[in-house]
Amino acid sequence: MNDVLVHPDLSSNSKALLFSFVRTYNGGALPPLTPEQEAAAFQASLRRGKGDQLKPPNFSFTNIPLEELEPFQHPASLVLDDVQGAPEPEVGSEPEGFDIQAFSLRRQSSPNVICSPFGFSKTDPPIRPFSSYRHEEILAAPEFILEKSTLPSGAIENIKCVILHGVNLDKKQVKALPTLLASYINVEVLVLNKLGPYTKHMKGRLKCPRIRTLDLANNSLDSFGRLLDLISGLTRLESLNIEGNPSLHASLPLDYTIRLVGSCPYMEVLNGKSLDVETRFQGISMYGPKQMRHDLPRIRWQLVLDSIPEVKQQMSHNLALAAVGEFAPLDLSYVVKLALPSCKLSYFSVCGFASLEELDLSSNFIETLRNQGLEHADRLRVFDLRDNLIGRREELKVFGLVPLLRVVMLQGNKLKNYRSRLIYETRFLKGSNRVGGLLTVDREEVSIMERCGALLMWGTSAERRRVDDVRWAAILRLCYGAHQLATVPGLLQGVRRLLLLRQEVPSLDLAQFTNLEVADLAGIALFKVTGLDTLTRLRVLNLANNPSLKSTPVFQQISGLSSLESFSFFVVGGTHKRSPQSKTYRSKVITRLIFANRRLQVVDEQPIMLEERIAAYKNSGAPAPLMEQYRVNPVLTLNCTIGNPGRDYHFDAVLPGQQYQPRDITIL
């Protein structure tokens, strides 16, 4: 179907001002209405009130908007932005003014030393499983253990595992046992199990510095003090078993576990059970070596790292490799998310976490962020630092050295009123393609207004002078993308729609938007706008609710435009001279614009009424006879051109024959 036959609605009570007309359908005419249909349409159009009572319409022909006769389409809805942008990248780019050299120097000056998990801080490889020891590395014959002279020459140095099990030693043998074992300098696993009642006389130190697993189960040990003396030199001990010593257990102090850990700080397993982080930390902090007690914050961080899944997995992998005599170095690059809340941390280090994207250290005791590896966290995007002890504003500078950081949470720290300063310190971060710097602080989106306010509060004098430029650049980035603006030639020249919703833009120059058709600049605190006179294709201009924007400069710029179809300039508020309640404001606007803009339909979001058009033409000096004809001609034109939203309402364009052919109208 090329055109449409518009028939009156035979069932509704709508206003009967619709002119029926006939156009061609596939080369032929559609059949006209039957007399019965015409009569029904006429009666339905006049019916008002209850029943079938007929009475004249209760409205004036000249007071209806011309668009009443067909569904009204705002001109803005007819314009689609066809800007062809580049693909949306995941990461943004640094804004104008970013000094990459200074940024790199600040990052390089920060230490980048990996703080290994506690389990990887030892010089020894993981404990080998018993099945991996070769026959010549195991000594399980009591006669060779108790009489070292009977062993072949050089065999002692090869022994890695000594087992003395189920042998009832006499008192003399028990007392001599530590001395005899001292010859096995490379032993790693020592089993002294079920050696009889005289084991309670065992005293002195086991002088086997490489022991990592010690089994003293099922003996007659009865003194915790002697036990401490026995293991006090075993600094590499990782696993201890003292079960099956009834007399010993009866005498154990309440804090025996942490005292054992203090003597053997690398102990991880006691009586077959893994020790938790807090127990190990208390043992080291209270009874551990002096060097460790002086570095407790770091020790706790290392112990906590042992508990993360990726480190546990690597430890298990190394245990498997140890069976074949191999060892894999620590690799923290697998860690993408690190969640360690409520771990009593006062120190942390993310050096070596090359792939880390999310870091949760909330509810700890962290006071400083400097030299903790954040300066080298190239992929970190989310950092949760709530409920810590950050109290100095200088600490916020570190956030500005994390290039991809987007989300920061700092609530619950000692530092107060930090939001604006944090936004300023992170102003050069890449952010996203649409927003530079941090995206959210404390789960609240960072607005462009906040970014500009931070510049005014904390910026240099040069930065404060450029606030308006920074604001406009941020708005363009939000609307069109930093990557697109940098890579698409003439992108702004191709923009047809510009909507600046929920922004504050005191000053605006639109000269770059040479093909702009819709400009929605309502409610953006606009004080000055330039470049309107260059927008020769502008169809919709919305400047409503900008009370500080002066009328005279605006009308001077748009006086040369002839393409406007909608114009809004009102200000909500009864005292403003552009208030909708003003008796003269609307008529003055229509009078100033209607002659030059022949397709003007809407002023202040309200369609222009026919009487308003007539009054505007009269006020502009149009001939009176033409105005009398103008009361009818626009309605005829509208009815005869339904489906053509680009019609011209000017008084000399609605004469019969201008926009339609009267001979085509068969029913009127």
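This section reports on the structure supplied with the text. As the structure is a computational prediction, the values presented were derived from the model and not from experiment.

## Quick word on the overall build of the protein
- The helix and strand inventory of the protein stands at 21 helices and 23 strands.
- Of all 668 residues assigned to the protein, the portion counted as buried reaches 46%.
- Considering only residue pairs separated by 6 or more positions, the protein has 61% of its internal contacts joining residues 24 or more positions apart.
- Entry remark: accessible area of the protein is about 33000 Å², with carbon and sulfur atoms responsible for 53%.

## Considerations on the pattern of salt bridges
- Overall, the coordinates contain 25 salt bridges when judged by the stated rule.
- Note that R421 is salt-bridged to E425, the shortest N-O span being 2.7 Å. Of this pair, R421 and E425 both sit in helix α12 (residues 419-425), 4 residues apart, which is roughly one turn of that helix. Of the two residues, R421 and E425, neither departs from the other in class, the shared state being buried.
- Salt-bridge contacts for E611 lead to R631; the nearest nitrogen and oxygen are separated by 2.6 Å. Taken together, the positions of E611 in helix α19 (residues 610-619) and R631 in the loop between α20 (624-630) and α21 (633-640) put the pair 20 residues apart, joining distant regions of the chain.
- Assessed through its relative accessible area of 26%, E611 is described here as partly exposed.
- You can call R631 partly exposed: its relative accessible area is 23%.
- Taken together, the shared-partner salt bridges in this structure form one network comprising R496, E517, R537, R539 and E565.

## Quick notes on a positive patch on the surface
- A cluster of basic residues, K171, K175, K200, K203 and R226, forms a positive patch at the surface.
- Residue position: K171 is located in helix α4 (residues 171-181).

## Remarks on the sheet that holds strand β15 (residues 444-445)
- Strand order in the open sheet formed by 6 strands is β10-β11-β12-β13-β14-β15, with mixed pairing between adjacent strands. Of all strands in the sheet, those with a lone pairing partner are β10 (337-339) and β15, marking the two edges.
- Direction of pairing for strand β13 (residues 407-409) relative to strand β14 (residues 440-441): parallel, over a ladder of 2 bridges. By the bridge assignment, V408 is partnered in β14 with V441.

## Structural notes on the pairing of strand β5 (residues 189-193)
- Most of β5 sits out of view: 5 of its 5 residues are buried.
- Burial along β5 is two-sided: V189, V191 and N193 facing one way and L190 and L192 facing the other are all buried.
- Note: strand β4 (residues 161-165) against β5, 5 bridges, orientation parallel. Pairing of H165 across the sheet is with N193, part of β5.

## A word on the side chain of R578
- Of note, R578 is situated in the loop between β21 (566-568) and α18 (585-593).
- Buried within the structure, R578 lacks any salt-bridge partner; D604 is the closest side chain of opposite charge, at an N-O distance of 7.6 Å.
- At 2.8 Å, the side chain of R578 forms a polar contact with the backbone oxygen of F569.
- With near-sequence residues (within four places) excluded, R578 lies in contact with N546, P547, L549, K550, S551, F569, F570, V571 and Y585.

## So, unusual backbone geometry
- Despite not being glycine, D387 has its phi angle at roughly 55 degrees, a positive value.
- Relative accessible area serves as the criterion here: at 41%, D387 is assigned to the partly exposed category.
- A positive phi angle, near 55 degrees, is found at N545, a position not held by glycine.
- With respect to the helices and strands, N545 occurs in the loop between β20 (540-542) and α17 (551-558).
- You can call N545 partly exposed: its relative accessible area is 31%.

## Side note on the packing of aromatic side chains
- Under the criterion given, the structure shown has 10 aromatic pairs.
- Grouped by ring-pair contacts, the aromatic residues W301, F348, F383 and F399 constitute a single cluster.
- A cation over a ring is seen here: R300 above F281, with NZ or CZ 3.9 Å from the ring centre.
- The side chain of R421 reaches across the aromatic face of W458, ending 4.8 Å from its centre.

## Quick word on the pairing of β4
- Judged by how many residues are buried, β4 sits mostly within the fold: 4 of 5 residues are covered.
- Of the crossover connections in this fold, the one passing from β4 over α4 to the parallel β5 is right-handed.

## Remarks on the packing of helix α13 (residues 448-458) against helix α15 (residues 467-480)
- At a closest axis distance of 10 Å, the pairing of α13 and α15 adopts a crossing angle of 155 degrees. As the angle between them shows, α13 and α15 are arranged roughly antiparallel. Taken as a pair, α13 and α15 cross one another with a handedness that is right-handed. Packed against α13, whose contacting residues are I448, C452, L455 and L456, the element α15 presents V467, V470, R471, A474, I475 and L478 at the interface.
- Residue composition of the contact of α13 with α15, by class: 9 nonpolar, no polar and 1 charged.

## Here's the deal with the sheet that holds strand β22 (residues 602-603)
- Reading across the sheet, the 6 strands line up as β16-β18-β20-β21-β22-β23 and stay open at both edges, with mixed pairing between neighbours. Strands with a single pairing partner mark the edges of an open sheet, and in this sheet they are β16 (497-499) and β23 (606-607).
- Of the strand pairs in this sheet, β22 and β23 are connected by 2 bridges, and their pairing is antiparallel. If you follow V603 over to β23, its bridge partner there is Q606.

## Considerations on the environment of W458
- When you line up the elements, W458 lands in helix α13.
- The spacing of W458 and S420 is 38 residues in sequence and 8.4 Å in space, taken between C-alpha atoms.
- Once you skip the residues sitting within four places of it in the chain, W458 turns out to touch R393, S420, R421 and Y424.
- Among the polar contacts listed, one links the side chain of W458 to the side chain of S420, at a separation of 3.1 Å.

Cut-off values and rules
- Here the residue numbers are simple positions, counted from 1 along each chain's written sequence.
- In view of the model being predicted, local features appear only for residues whose pLDDT reaches at least 70, and side-chain atom pairs are presented and counted only at 80 or more, with totals across whole chains, interfaces and linings using the full set of residues.
- Hydrogens and water molecules were not included; the side-chain quantities draw on all heavy atoms of the structure.
- Comment: elements are numbered from the N terminus, with helices defined as DSSP H or I runs of at least four residues and strands as E runs of at least two.
- Categorising residues by exposure relies on relative accessible area from a 1.4 Å probe, with only protein chains included: less than 20% of the type maximum marks a residue as buried, more than 50% marks it as exposed, and the intermediate range marks it as partly exposed.
- Pairs of residues are marked as contacts when any of their non-hydrogen atoms sit within 4.5 Å.
- To measure how exposed things are, a 1.4 Å probe is used in the Shrake-Rupley method; for residues, cover is taken only from the protein chains shown.
- When a carboxyl oxygen of Asp or Glu lies within 4 Å of a side-chain nitrogen of Lys or Arg, that pair is called a salt bridge.
- The patches reported here contain residues having more than 30% relative accessible area and no salt bridge. Joining distances are 9 Å for like charges and 5 Å for nonpolar side chains (Val, Leu, Ile, Met, Phe, Trp, Tyr).
- By the counting scheme adopted, Arg and Lys are positive, Glu and Asp are negative, and His together with the chain ends is not counted.
- For the purpose of locating charges, the reference atoms are NZ of Lys, CZ of Arg, CG of Asp and CD of Glu.
- DSSP calls a pair of strands paired once it identifies at least 2 bridges connecting them.
- Nitrogen and oxygen atoms within 3.5 Å of one another constitute a polar contact, given that in protein one can donate a hydrogen and the other can accept it, and given that sequence-neighbouring residues count only through two side-chain atoms.
- Stacked, tilted and edge-to-face are the three classes assigned to paired rings of Phe, Tyr and Trp, where Trp is represented by its six-membered ring and a pair needs centres within 6.5 Å; plane angles under 30 degrees give stacked, over 60 edge-to-face, the rest tilted.
- As a reminder, the over-ring test applies to NZ of lysine and CZ of arginine, requiring each to be within 6 Å of the ring centre and within 35 degrees of the ring normal.
- Whether a crossover is right-handed depends on one test, that the path from the first strand over the helix to the second runs clockwise when the strands point away from the viewer.
- Here the axes come from fitting lines to C-alpha atoms, over the contacting stretch only for helices, and the angles between their N-to-C directions go from 0 to 180 degrees.
- In these notes the angle categories are as follows: under 35 degrees is roughly parallel, over 145 is roughly antiparallel, 65 to 115 is roughly perpendicular, and the rest is oblique.
- Note: crossing handedness is left-handed where the near helix turns anticlockwise from the far helix by less than a right angle, and right-handed where it turns clockwise.
- Charged residues are taken to be Asp, Glu, Lys and Arg, nonpolar residues to be Ala, Val, Leu, Ile, Met, Phe, Trp, Tyr, Cys and Pro, and polar residues to be all remaining types, Gly included.

All we've got here are geometric facts, nothing functional implied.
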